[in-house]
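Residue-level structural notes
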Amino acid sequence: MKTQASRINLLQEYELAPDWALFSQETLAAIRDCSLATLERDRWAGTGVPFVKMGRLVRYRKSDIRAWLEQHESMSSTSKI
């Protein structure tokens, strides 16, 4: 239950933040409902959400997250592919 509560908190933090806000990969993983390993693989492949490197830290802009999500519309069936 602790994981679900923290995911809800991360999603609420994201929703309330301005477009210029930066988020950790934990927040992005909560938004995309994926693992940190998936985000790392996407960064390596160049297919994920654009990111900012600040030293060793990886951060994601809310505006970039929203744009990426809009480009990847959800599908109700695989027959659309």
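It should be noted that the structure appears before, not after, this text.
Keep in mind the model is a prediction, meaning the values are calculated, not measured.

1. Details of the overall build of the protein chain
Helix and strand counts for the protein chain stand at four helices and three strands. Put simply, the protein chain runs from its N terminus to its C terminus through helices and strands in the order α-β-α-α-β-β-α. Relative to its full complement of 81 residues, the protein chain shows a buried share of 28%. Of the contacts formed within the protein chain by residues at least 6 apart in sequence, a portion of 43% connects residues at least 24 apart. Accessible area of the protein chain: about 6,000 Å², with a carbon and sulfur share of 54%.

2. Regarding the pattern of salt bridges
Per the counting criterion, the structure on display carries three salt bridges. Measuring nitrogen to oxygen at the nearest pair gives 2.8 Å for the salt bridge that ties D19 to R66. You can see D19 sitting in the loop between helix 1 (2-16) and strand 1 (22-23) and its partner R66 sitting in helix 4 (residues 62-71), a full 47 residues away along the chain. By relative accessible area, which is 38% here, R66 ends up partly exposed. The salt bridge involving D64 is made with R61; its shortest N-O contact spans 3.8 Å. Classification of R61 as partly exposed rests on a relative accessible area of 36%.

3. Quick notes on the pairing of strand 3 (residues 57-61)
The two faces of a sheet get side chains in turn, since along a regular strand they alternate between them. Of the two faces of strand 3, the one holding V58 and Y60 is buried and the one holding L57, R59 and R61 is not buried anywhere. Sheet analysis places strand 1 next to strand 3, joined by two bridges and oriented antiparallel. Bridge pairing links F23 to Y60 in strand 3. When strand 2 (residues 52-54) meets strand 3, the two strands line up antiparallel, connected through three bridges. Opposite M54, over in strand 3, you have L57 as the bridge partner. Between strand 2 and the antiparallel strand that follows it, strand 3, lie two residues; G55 among them carries a positive phi value of about 70 degrees.

About the cut-offs
- Residues numbered from 1 in each chain as written.
- Predicted model: local features only at pLDDT ≥ 70, side-chain atom pairs only at ≥ 80, totals over all residues.
- Heavy atoms only, no water.
- Helix = DSSP H or I, 4+ residues; strand = E, 2+ residues; numbered from the N terminus.
- Buried < 20%, exposed > 50% of the residue type's maximum accessible area, 1.4 Å probe, protein only.
- Contact = heavy atoms within 4.5 Å.
- Areas by Shrake-Rupley, 256 points an atom, 1.4 Å probe, with all protein chains shown as cover.
- Salt bridge = Lys/Arg side-chain N within 4 Å of Asp/Glu carboxyl O.
- Pairing = 2+ DSSP bridges.

These results come straight from atomic positions and should not be treated as a statement about function.
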